[in-house]
Amino acid sequence: MSTPTSTPIVLITGANRTDGIGYAAARQLALQHGFTVILGSRTLSPSLDEAVKQLENEGAKHGVHALQIDVASSESVKKAATEVAEKFGRLDVLVNNGALGLPPSRTDIIEAYPKKKLAPTEHTRKDFEEVFAVNTFGIVDTINAFAPLLAKSASPRIVNVSAGAGSLGCMSWYPTNTTGGTNIVYSASKAALNMLTVMYSKDLPKLNPSIKVNSGCPGYTNTSINKHISSVIVEAGERTPDVGAGVVVWLATLPDDGPNGKFYCDYPPYSQKIGDFKVIEW
Ligand SMILES: NC(=O)c1ccc[n+]([C@@H]2O[C@H](COP(=O)([O-])OP(=O)(O)OC[C@H]3O[C@@H](n4cnc5c(N)ncnc54)[C@H](OP(=O)(O)O)[C@@H]3O)[C@@H](O)[C@H]2O)c1
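All of these numbers come straight from a predicted model, not from anything done at the bench. (Residues numbered from 1 in each chain as written. Predicted model: local features only at pLDDT ≥ 70, side-chain atom pairs only at ≥ 80, totals over all residues.)

Counting 74 residues, the largest nonpolar core has Val10, Ala25, Ala26, Val37, Leu39, Val95 and Val248 as its most contacted members. With near-sequence residues (within four places) excluded, valine 248 lies in contact with Ile21, Ala25, Val95, Val159, Val161, Gly216 and Pro218. (Core = buried A, V, L, I, M, F, W, Y, C linked by C-beta atoms within 7 Å. Buried ≥ 20, exposed ≤ 12 C-beta atoms within 10 Å, placed from the backbone. Contact = placed C-beta atoms within 7 Å.)

This is the structure we're talking about:
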């Protein structure tokens, strides 16, 4: 309860990797926008403590906190919301960033990525269940658990970190049958996430009329989710986590007259310039 209302508080799920988009967003929000940041991680670990210390050493002045939140577990999400309620009493920004690119039990494809990709008919129901558990159902749990804390904020924002690979429009014209760097499971989970954005953006203003819920795509970014192999989609060029985090930070800091229920990115063909955020077709 000690964080003044003038200091915004953000929780970012899956922000444990210092080479990931979530952590890059945390750094920008802490250092450039004066946020108190809560680094969500599915496990607490010495490397998470190091990640907290690194941000403090870089000059984060309003607090950097580690929080265990495994979005695949409803219990973990509820426990995390209770911890945030007890410690801060509210939440200003929720960034649903944690995600899986491939089903964890499919070590065959994970090990062979990006050389081996499965056709849609080769993916199983179990593959979908594993990925949806994090990328979609995990976000339902997280939004539902944190909505009461967001309701207490003056200008709450939810940023759903989606992907162009989850755009029905984009995937309809994408010119390969194996869909470039993506797979049907990941794409379907992010398409479903985009629907969550649309539906929550219409409903949550009943809890707090200032709330904004948007999807953002970081663009093809060099991170662990693609094994740091950034050459799969060449036209996007190589984007660093700092560049990829740009859309997250922009949506997290939208003014009260900013958009609600939209999907944005800053890469071609939708935008020609980094930092110039344009709507992606759903
Ligand atoms: N990189 C790209 O090209 C790209 C493009 C479009 C969209 N995105 C999206 O950007 C977001 C961040 O991905 P990234 O590229 O930065 O990859 P990343 O570094 O691998 O980050 C993914 C994070 O999600 C976490 N995570 C996985 N399962 C989780 C769970 N059950 N509960 C909580 N967290 C969980 C991971 O934790 P562990 O470290 O414990 O595994 C990791 O910290 C994702 O939503 C991704 O879909 C990325």
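That was the structure; now back to the text.
Let us now look at the sheet that holds strand S8 (residues 278-279). Strands sit in the order S3-S2-S1-S4-S5-S6-S7-S8 across an open sheet of eight strands; the sheet is mixed. Sheet topology places strand S3 (64-68) and S8 at the edges, where each strand pairs with a single neighbour. By the bridge criterion, two bridges tie strand S7 (residues 263-265) to S8 in an arrangement that is antiparallel. Within S8, the position partnered with tyrosine 264 by the bridge is valine 279. Along the sheet face, helix H6 (residues 137-150) touches strand S4 (93-96) and strand S5 (157-161) and points at about 175 degrees away from the line of S4. (Pairing = 2+ DSSP bridges. Helix = DSSP H or I, 4+ residues; strand = E, 2+ residues; numbered from the N terminus. Axes fitted to C-alpha atoms, helices over the stretch in contact; angles between N-to-C directions.)

Burial analysis of strand S2 (residues 36-41) places six of its six residues in the buried class, the great majority of the element. Residue alternation in S2 divides its side chains into two sets, Thr36, Ile38 and Gly40 and Val37, Leu39 and Ser41, and both sets are buried. Bridging between strand S1 (residues 9-12) and S2 involves four bridges; their strand directions are parallel. Directly across from isoleucine 12, in S2, lies its bridge partner leucine 39. Traced from S1 through helix H1 (residues 21-33) to S2, the parallel crossover comes out right-handed. In the sheet, S2 pairs with S3 via five bridges, with the strands oriented parallel. Note that in S3 the partner of serine 41 across the bridge is glutamine 68. Read from S2 through helix H2 (residues 46-58) to S3, the crossover connection turns out right-handed. (Right-handed = clockwise from strand over helix to strand, strands pointing away.)

Here we come to the site of the ligand. Around the ligand, a shell composed of 27 residues is seen, among which Gly14, Gly20, Gly98, Ala99 and Thr223 lie nearest. Residue classes in the shell around the ligand are distributed as twelve nonpolar, twelve polar and three charged. (Near = placed C-beta within 6 Å. Nonpolar A, V, L, I, M, F, W, Y, C, P; charged D, E, K, R; others polar.)

Let us now look at the pairing of S5. Counting buried positions over the five residues of S5 gives five, a clear majority of the element. By the bridge criterion, four bridges tie S4 to S5 in an arrangement that is parallel. Each residue of the ladder has a partner; that of valine 93, found in S5, is arginine 157. In the sheet, S5 pairs with strand S6 (residues 212-216) via five bridges, with the strands oriented parallel. Paired with arginine 157 across the bridge in S6 is lysine 212.

Another aspect to go through is unusual backbone geometry. Looking along the chain, the bond that leaves proline 268 and enters proline 269 is cis, with omega of 5 degrees. Even without being glycine, lysine 227 reaches a positive phi, approximately 55 degrees. Along the chain, lysine 227 turns up in the loop between S6 and helix H9 (241-244). Judged by the 14 C-beta atoms lying within 10 Å of it, lysine 227 falls in the partly exposed class.

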